[in-house]
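Residues per chain are reported as follows:
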Amino acid sequence: MHLVRYQVAVSIDGFIAPKDGSADWLNPYGKVAMDFMASWMKQIGGVIAGRTSYDQAGGMWGKAPALVMTSRPLPKASKSVIAATDEAEGLAQLRGRMK
C-alpha cells in the first residue's frame, strides 16, 4: 500500500490561488520553493493534480509519474503522465507506474 500525502501551497489568508487561478503569488518564493520541491520530489512515487495545476507546473515533477484529472486532452504529455476523468481508473494506472 502506498502512503498518500497532501501537499499544497496556501497563502497566509488561507487561499490556494487568487480569483484568477494563477500561482503568481508564489514568485517571490521561487528559489526557496524550488529547493524544497526538489528534495521533496525525491521522496515521492507519484503526483495527482488537476489540469490547471499540471499546466502551471510546467513539468516540475520531473520523471515522477503523474495522474492529471481532466476532461480535456493533454497536448504532448510525456509517457509518465496519465490523463483521466475517472478517479478509480486513473489511480489504478498511477499505482501501476509507481516504483
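Refer to the structure printed above.
Residues numbered from 1 in each chain as written. Predicted model: local features only at pLDDT ≥ 70, side-chain atom pairs only at ≥ 80, totals over all residues. Heavy atoms only, no water.

**Q** Quick question: what am I supposed to make of the nonpolar core here?
**A** With 13 residues, the main nonpolar core has Met41, Val47, Tyr54, Trp61 and Val81 as its most contacted residues. By residue number, the principal contributor to this core is helix 1 (residues 30–41), which donates 3 residues. In this structure Trp61 touches Met41, Val47, Ala49, Ser53, Tyr54 and Ala66, once residues within four positions along its chain are discounted. (Core = buried A, V, L, I, M, F, W, Y, C linked by side-chain atoms within 4.5 Å. Buried < 20%, exposed > 50% of the residue type's maximum accessible area, 1.4 Å probe, protein only. Helix = DSSP H or I, 4+ residues; strand = E, 2+ residues; numbered from the N terminus. Contact = heavy atoms within 4.5 Å.)

**Q** I keep staring at the side chain of Ser22 and nothing clicks. Help me out?
**A** Within the secondary structure layout, Ser22 lies in the segment before helix 1. Taking relative accessible area as the criterion, Ser22 reaches 14% and is therefore assigned buried. Other than its neighbours up to four places away in sequence, Ser22 contacts Ala17 and Gln56.

**Q** Sorry if this is basic, but what is going on with the environment of Asp20 here?
**A** When you line up the elements, Asp20 lands in the segment before helix 1. A polar contact is formed between the side chain of Asp20 and the backbone nitrogen of Ser22, at a distance of 2.9 Å. (Polar contact = N/O pair within 3.5 Å; in protein donor to acceptor, adjacent residues only side chain to side chain.)

**Q** Just checking my understanding: could you explain the pairing of strand 1 (residues 47–50) for this structure?
**A** The side chains of a regular strand alternate between both faces of the sheet. Only one face of strand 1 is buried: it carries Val47 and Ala49, and the other face, with Ile48 and Gly50, is open. In this region the chain leaves strand 1, passes through helix 2 (residues 51–57) and returns to the parallel neighbour strand 2 (residues 66–69); the handedness of that crossover is right-handed. (Right-handed = clockwise from strand over helix to strand, strands pointing away.)

**Q** Hey, could you run me through the sheet that holds strand 3 (residues 81–84) in this one?
**A** Sheets are built from strands that pair by backbone hydrogen bonding, the pairs being arranged parallel or antiparallel. Read across the open sheet, the 3 strands follow the order 1-2-3; overall the sheet is parallel. The open sheet has two edge strands with one neighbour each: strand 1 and strand 3. Neighbour-to-neighbour, the strand axes of this sheet turn through a mean angle of 25°, independent of strand direction. (Pairing = 2+ DSSP bridges. Axes fitted to C-alpha atoms, helices over the stretch in contact; angles between N-to-C directions.)

**Q** What am I meant to see in the pattern of salt bridges here?
**A** When the charged atoms of two side chains with opposite charge come close together, those side chains can pair. Inspection of every chain in the model, using the stated rule, returns 2 salt bridges. Note that Lys31 is salt-bridged to Asp35, the shortest N-O span being 3.0 Å. Of this pair, Lys31 and Asp35 both sit in helix 1, 4 residues apart, roughly one helical turn. Between Arg51 and Asp55 there is a salt bridge whose closest N-O contact spans 3.0 Å. Placement of the pair is Arg51 and Asp55 together in helix 2, with a separation of 4 residues, close to one helical turn. Taking the relative accessible area as the measure of exposure, Arg51 reaches 11% and is therefore buried. (Salt bridge = Lys/Arg side-chain N within 4 Å of Asp/Glu carboxyl O.)

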